[in-house]
Amino acid sequence: DTTPEIELVMRNRGGQERTSRFEAAQKIINDRVHSIGRLVYPEYLRDMAILQIEGADRSYNAFVYLPSLGKSRRVSTHQRGDALFGTDVTYEDLERRYLEDYRITAFGTGEWLGESVYRIGARPVRATSYAEVVFFIAKSDASILQADYYKRRAETPYRTLRVHRSSMVRLDGHTLATQLTIENHARGTRTEVTFENLEVNPEIDDRLFSVRTLEQRRDFEKPF
């Protein structure tokens, strides 16, 4: 369970930069991940919010609140690979992954920025926006340091997620990254993600994770 503040800085090929900031919360309830996040910057997008709830069958229900309309809409299954609020983060990035979600296609070892890693290729069993992914996993602590995502029959990744090893912190027995970079090679964009004021296992009311909470624009930290 976590309550971070998240900053996303996206840059395009021309060097133009766009910054978004979120307040967020995530909690595991009955062994299912529940997460909620609300934009607090830029001002013209303030109060846009997203809610994701893992189902008993490991599917995900996602809802986006649009303050301009004053209501929430459901994110359909085929939109899971779409950009989150115009960044290089996708709805799929927010979902929990299980070993059985993949079929292993390759396994090897190597180096990643001077660190010994396992290099594991895998194909998703369920429908996703990518056909294959290659994980670079640290031998020392099993942290995922990089993930390259491929379209069908492509020889180069269209998207790469990299974790900044120097940003990792140890909190309440968990090793967590506080900075990562997502590059969309097809669009020529890059998003830097930074987690600040990260708390692990704080008290979070289960009732926070509801469409009603999205539409009430309530403060995540205030009690119900």
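Everything below is about the structure shown above.
Residues numbered from 1 in each chain as written. Predicted model: local features only at pLDDT ≥ 70, side-chain atom pairs only at ≥ 80, totals over all residues. Heavy atoms only, no water.

This part takes up the nonpolar core. Counting residues in each nonpolar core, the largest one holds 38 residues, and the members touching the most others are Val-64, Phe-85, Val-133 and Tyr-149. Ranked by residue count, the leading element in this core is strand E9 (residues 132-138), at six residues. Other than its neighbours up to four places away in sequence, Val-133 contacts Tyr-102, Ile-120, Gly-121, Ala-122, Ala-147, Asp-148 and Tyr-149. One finds Ala-25, Leu-51, Ile-53 and Leu-214 within the second-largest nonpolar core, a separate group that totals 13 residues. (Core = buried A, V, L, I, M, F, W, Y, C linked by side-chain atoms within 4.5 Å. Buried < 20%, exposed > 50% of the residue type's maximum accessible area, 1.4 Å probe, protein only. Helix = DSSP H or I, 4+ residues; strand = E, 2+ residues; numbered from the N terminus. Contact = heavy atoms within 4.5 Å.)

Our focus in this paragraph is the pairing of strand E3 (residues 32-41). A regular strand places its side chains so that they alternate between the two faces of the sheet. Burial of E3 is extensive: seven of the ten residues sit out of reach of the surface. Both strand E2 (residues 17-29) and E3 contribute to a ladder of nine bridges, which runs antiparallel. Across the sheet, Gln-26 pairs through a bridge with Ser-35, a residue of E3. The antiparallel hairpin formed by E2 and E3 contains two residues in its connecting segment, where Asn-30 sits at a positive phi of about 55°. Relative to strand E4 (residues 49-54), E3 runs antiparallel, the two being bridged by five bridges. Residue Arg-38 lies in a different strand from E4, and its bridge partner there is Ala-49. (Pairing = 2+ DSSP bridges.)

Geometric values such as these leave the question of function open.
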